[in-house]
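A structural walkthrough
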Amino acid sequence: MVNLTIDNINVSVPEGTTIMDAAKMADIPIPKLCYLKDINEIAACRVCVVELEGMERLVTSCNNVVKEGMVIHTNSPKVRTARRQTVQLILSQHDCKCATCVRSGNCTLQSLANDLNIIEIPFKQRLEEFPWDKEFPLIRDSQKCIKCMRCIQVCDKIQDLHIWDVTSTGSRTTINVTGNHKISEVSCSLCGQCITHCPVGALRERDDTEKVWDAIADDKKVVVAQVAPAVRAAWGEALGLSREEATVGKIMDALKKMGIDYVFDTSFTADLTIMEEGNEFLQRFTKGELNLRPMFTSCCPGWVRFLKSQYPHLVPQLSTAKSPQQMFGSVMKSYFAESIGVKPENMFTVSIMPCVAKKGESNMELFYGEYAGHETDVVLTTRELTRMIRSAHIDPASLVDRECDPLMKEWTGAGVIFGTTGGVMEAALRSAHYLVTGRNPDPDAFKIVRNPGGQPGVVEAEIQLGDATVRAAVVSGLGNTRKLIEAIEHGEVHYDFVEVMACPGGCVGGGGQPIHDGEELARTRGENLYFLDKNAPLRFSHENPDVLRLYRNFFEKPLSHKSHMLLHTDHNAWEMPR
């Protein structure tokens with residue numbers, strides 16, 4: 001152990017502990033901007049400086065380790081002056097129009113400037129101007145970038161895509177797309193992890209909320225909305241609701257109060273996805289099509305974009321089943337539109353997702369009868385949902401639980417756990433077991449594939465389905481995914497069925513979820529979904545009565561001609577990037 005003094009408090013910490021962590025153990029917070037533990041510890045911002053007795057210069061606390069006998073001051077006059085000046089310099093190169101920034105009230109720089117009582121900037125303001133495609137799902141505002149390097153490190157170390165890089169030199173040093181390309185010219189997966197790890201508003205999703213308000217105001221449009229499983233695990237965080245208070249029923253109530261005509265739970269089409277994807281897997285498995293390479297899940301568009309750009313020869317291994325989002329749009333503009341007597345072109349489908357990549361996925365086209373258009377008209381992230389609730393002046397405390405509308409009202413616990421890593425695999429295995437053996441397994445029989453926190457590495461399992469053994473794997477985070485694919489390609493491992501989620505922890509850790517700087521909440525949110533599954537009255541997708549009715553009345557059976565026409569897709573029909 002190393003003994004030292006921090007702000008007149010005697011502290012004893014393990015050898016190798018940084019000054020910042022040592023101070024934290026003593027309940028002494030040291031402000032920071034660029035620091036992300038184990039990811040970005042480069043002291044780029046210089047905000048975390050402290051004074052060390054015996055040294056003339058201040059030292060950064062995030063990347064300097066403690067030594068025996070150190071006497072440290074974290075808030076001395078010298079430290080306060082330097083920290084204040086550093087933040088003022090950063091603000092001189094930052095667009096400070098906080099009132100029009102999506103991160104206002106949830107911005108580390110804003111909080112730091114307030115804490116330091118900075119009410120004037122003594123330096124001449126100089127803002128960087130860099131053009132950006134405002135139609136792309138991911139938006140970068142160069143005038144807000146503080147060059148903390150977090151986006152670079154997250155994309156390199158966690159997602160292994162290297163989309164961002166440092167460009168230019170000296171005072172012109174900045175962040176840009178690697179090689180000074182346009183964002184649409186590189187292989188961005190749209191995972192959005194750079195957004196959720198940005199301490200300011202330099203990175204955000206394209207805001208599509210006005211499109212929804214316009215559709216609600218259009219008397220010719222019937223507006224229908226779906227809410228993804230992972231959204232219910234996080235939406236209340238931005239509105240001051242506890243996890244017990246922030247139910248999916250209250251989201252439905254908020255949507256109805258906004259003027260949405262019909263509201264549904266994406267867990268319904270998650271169950272539908274399992275019926276299609278589960279049957280497809282069994283068909284391909286029994287035919288021996290997976291002897292060399294596994295079938296990959298296809299419900300995560302960030303993962304599909306990654307595979308198409310990095311390993312295009314493996315695209316045929318993807319399940320042809322559309323994602324739950326796209327299946328919902330297809331069903332809305334066919335079965336549901338016919339049921340309520342509305343033309344497909346007058347249906348406006350809104351998808352509320354924890355994901356930025358879903359905005360890109362919504363570009364997929366749908367052709368049904370005389371209709372040619374999109375399955376999903378607008379995708380909103382969880383953050384956009386909470387902004388709409390606020391703009392509608394809806395008091396979260398006034399919301400009550402409201403059921404989904406008929407025809408697609410029912411959902412199962414299997415559909416709910418789609419929102420966390422391992423959930424798709426577990427749901428598929430539950431129904432695959434029934435399809436093979438004719439009986440339901442224990443609902444928790446396959447919990448071995450769970451990894452709610454999205455810990456590094458691959459979750460592996462050998463599952464017995466009748467007389468056959470299925471080798472399954474679950475992975476989240478694209479850096480982990482690349483390692484897995486390389487192992488498969490080099491013959492080091494073999495699986496029959498692999499679930500991939502682009503974001504660490506799955507959709508609950510998605511790039512469209514509420515932002516909590518320095519906190520990773522995927523595990524907490526994932527455990528919430530497993531709790532809902534555990535207490536759901538139905539836990540098997542093949543027992544969802546509304547899904548079964550949909551097959552009886554419209555699709556006939558899984559993998560039917562109509563199912564293939566509306567619920568499956570050709571992943572080669574579009575090119576990367578998009």
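Reference entry: report on the structure contained in this document. (Residues numbered from 1 in each chain as written. Predicted model: local features only at pLDDT ≥ 70, side-chain atom pairs only at ≥ 80, totals over all residues. Heavy atoms only, no water.)

1. Considering the sheet that holds strand β16 (residues 378-381)
This is how it is decided: One requirement defines pairing of two strands: DSSP has to find at least two bridges between them. Only DSSP runs of H or I reaching four residues or more are called helices, and only runs of E reaching two or more are called strands; each is numbered from the N terminus. Note on geometry: axes are C-alpha line fits, over the in-contact stretch for helices, and angles between N-to-C directions span 0 to 180 degrees.
Taken in spatial order, the four strands line up as β11-β10-β13-β16 in an open sheet, and their pairing is parallel. Only two strands of the sheet have a single neighbouring strand rather than two, namely β11 (262-265) and β16. The mean angle between the axes of side-by-side strands here comes to 20°, regardless of whether they run parallel or antiparallel. Note: strand β10 (residues 222-227) against β11, four bridges, orientation parallel.

2. Structural notes on the sheet that holds strand β1 (residues 2-6)
The line we're drawing: Residues count as neighbours in contact if any of their non-hydrogen atoms are within 4.5 Å of one another.
Sheet architecture is open: five strands sit in the order β2-β1-β5-β3-β4, paired in mixed fashion. The sheet is open, and its two borders are formed by β2 (9-13) and β4 (59-60), each paired with just one other strand. Lying over the sheet, helix α2 (residues 77-91) contacts β3 (49-52) and β5 (71-73), oriented at roughly 155° with respect to β3.

3. Examining a negative patch on the surface
As a reminder, the rule being used: Each patch is built from residues that are more than 30% exposed by relative accessible area and take part in no salt bridge. Like charges join if they lie within 9 Å; nonpolar side chains (Val, Leu, Ile, Met, Phe, Trp, Tyr) join within 5 Å. Methods summary: accessible areas were calculated by the Shrake-Rupley approach with a probe of 1.4 Å, and residue burial reflects only the protein chains presented. The term salt bridge refers to a side-chain nitrogen of Lys or Arg lying within 4 Å of a carboxyl oxygen of Asp or Glu. His is not counted here, nor are the chain ends, while Lys and Arg score as positive and Asp and Glu score as negative. To locate a charge, take NZ of a lysine, CZ of an arginine, CG of an aspartate or CD of a glutamate.
Judged by side-chain charge, E210, D214, D218 and D219 come together as a negatively charged surface patch. In this structure, D214 sits in helix α6 (residues 209-217).

4. Quick word on the pattern of salt bridges
As a reminder, the rule being used: Each residue is placed in one exposure class: buried if its accessible area under a 1.4 Å probe, protein chains only, is under 20% of its type's maximum, exposed if it is over 50%, and partly exposed if it falls in between.
One pass over the structure, following the stated rule, counts 38 salt bridges. The closest approach of N and O atoms between K322 and E375, which form a salt bridge, is 2.2 Å. One end of the pair, K322, is in the loop between α10 (301-310) and α11 (324-340); the other, E375, is in the loop between β15 (371-374) and β16, and 53 residues separate them in sequence. Overall, the relative accessible area of 9% leaves K322 in the buried class.

5. Here's the deal with the packing of aromatic side chains
Centre-to-centre distance and the angle between the planes together describe a pair of aromatic rings. In plain terms, the rule: Any two of the Phe, Tyr and Trp rings considered here, Trp counted by its six-membered ring, make a pair once their centres fall within 6.5 Å; the pair's planes then place it as stacked at under 30 degrees, edge-to-face at over 60, or tilted in between. Throughout this description, the term charge over a ring refers to an Arg CZ or Lys NZ atom that lies within 6 Å of the ring centre and within 35 degrees of the ring normal.
One pass over the structure, following the stated rule, counts twelve aromatic pairs. With 5.3 Å between their ring centres and 85° between their planes, F264 and F336 make a pair best called edge-to-face. A residue pair is termed long-range when its members are at least 10 positions apart, and F264 in strand β11 and F336 in helix α11 qualify at 72 residues. By relative accessible area, which is 0% here, F264 ends up buried. Chaining the aromatic ring pairs together yields one cluster made of Y262, F264, F328 and F336. A cation over a ring is seen here: K562 above F554, with NZ or CZ 4.1 Å from the ring centre.

6. Focus on the state of the cysteines
Disulfides are covalent bonds that connect the sulfur atoms of two cysteines. Quick reminder of the rule: Here, two cysteine sulfur atoms that lie within 2.5 Å of each other are counted as a disulfide.
In this structure the tally under the stated criterion is zero disulfides. C34 supplies the cysteine sulfur nearest to C45, a cysteine that is in no disulfide, at a spacing of 3.6 Å. As a non-bridged cysteine, C194 has C191 as the owner of its nearest cysteine sulfur, 6.2 Å distant. Overall, the relative accessible area of 10% leaves C194 in the buried class.

7. Some words on the environment of K124
Mapped onto the fold, K124 is located in the loop between α3 (108-115) and β6 (138-140). For K124, a relative accessible area of 78% translates into the label exposed. Spatially, the C-alpha atoms of K124 and L91 are 10.0 Å apart, while their sequence positions differ by 33 residues.

8. Thoughts on unusual backbone geometry
Even without glycine at this site, R46 takes up a positive phi of about 65°. With respect to the element layout, R46 can be found in the loop between α1 (19-25) and β3. For R46, a relative accessible area of 37% translates into the label partly exposed.

Take it as geometry only, folks, not as evidence of what the structure does.
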